[in-house]
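Coordinates in review
Read off the chains here:
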Amino acid sequence: LHLDPRCGGPQSVPRGSWACPHHRCAACGRGAAAAGGLLFRCAVCPSAFCEEHMPTEPAAAVVGPCARFGSLGFRHPKQACYVL
């Protein structure tokens, strides 16, 4: 379940086959390579956006690496930047 209203509000993880949505733009489906080499991943939910589709109202704050994911042992990927 994720709750960030800029990313579409409350949603549940689907049953069955599932792929992590942090690896594709939620609006257009492009991966980092097809989106200019970088995706902006939400630090509080599993949504990600290319630069063209990053939420603007309210504006997303770019935070770079995500401290919460780092504390869980995740490495910060070169092709991603976290936003709040």
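Structure shown above.
What comes next concerns the included structure. (Residues numbered from 1 in each chain as written. Predicted model: local features only at pLDDT ≥ 70, side-chain atom pairs only at ≥ 80, totals over all residues. Heavy atoms only, no water.)

1. So, the pattern of salt bridges
Counted only if it meets this: Think of a salt bridge as a Lys or Arg side-chain nitrogen and an Asp or Glu carboxyl oxygen that are within 4 Å of each other. For helices the rule is a DSSP run of H or I covering at least 4 residues; for strands it is a run of E covering at least 2, with both sets numbered from the N terminus onward. Buried residues are those whose accessible area, probed at 1.4 Å on protein chains only, stays under 20% of the maximum for their type, while exposed residues exceed 50% and partly exposed ones sit between those limits.
Applying the stated rule across the entire model yields one salt bridge. Between R30 and E52 there is a salt bridge; the shortest N-O distance is 3.5 Å. Of this pair, R30 sits in the segment before β1 (39-42) while E52 sits in the loop between β2 (48-49) and β3 (62-64); the two residues are 22 residues apart in sequence, bridging distant segments of the chain. Among the residues examined, R30 registers a relative accessible area of 28% and is labelled partly exposed. Classification of E52 as exposed rests on a relative accessible area of 60%.

2. Focus: the packing of aromatic side chains
The way to describe two aromatic rings as a pair is by their centre distance and the angle between their planes. As a reminder of what qualifies: Aromatic pairing here means that ring centres of Phe, Tyr or Trp (its six-membered ring) are within 6.5 Å. Orientation follows from the plane angle: under 30 degrees is stacked, over 60 is edge-to-face, and everything else is tilted.
All told, the structure shown has two aromatic pairs when counted by the stated rule. Ring geometry for F69 versus F74: centroids 5.8 Å apart, planes at 70 degrees, classification edge-to-face. We classify F69 as buried; its relative accessible area is 15%. For F74, a relative accessible area of 54% corresponds to the exposed category. Arranged with centres 5.4 Å apart and planes meeting at 65 degrees, the rings of F69 and Y82 form a pair that is edge-to-face. One end of the pair, F69, is in helix α1 (residues 67-71); the other, Y82, is in strand β4 (residues 80-83), with 13 residues separating them in the sequence. Here F69 and Y82 have matching classes, each one buried. Members of the aromatic cluster, each reached through a chain of ring pairs, are F69, F74 and Y82.

3. So, the sheet that holds β4
By definition, the strands of a sheet pair up through backbone hydrogen bonds, in either a parallel or an antiparallel sense. Note the following rule: When DSSP finds two or more bridges between two strands, those strands count as paired.
Across the sheet, four strands lie side by side as β2-β1-β4-β3; this open sheet has mixed pairing. Each edge of the sheet is formed by a strand with only one pairing partner; in this case those strands are β2 and β3. The pairing of β1 with β4 spans four bridges and is classified as parallel. Across the sheet, the residue bridging to R41 is Y82, located in β4.

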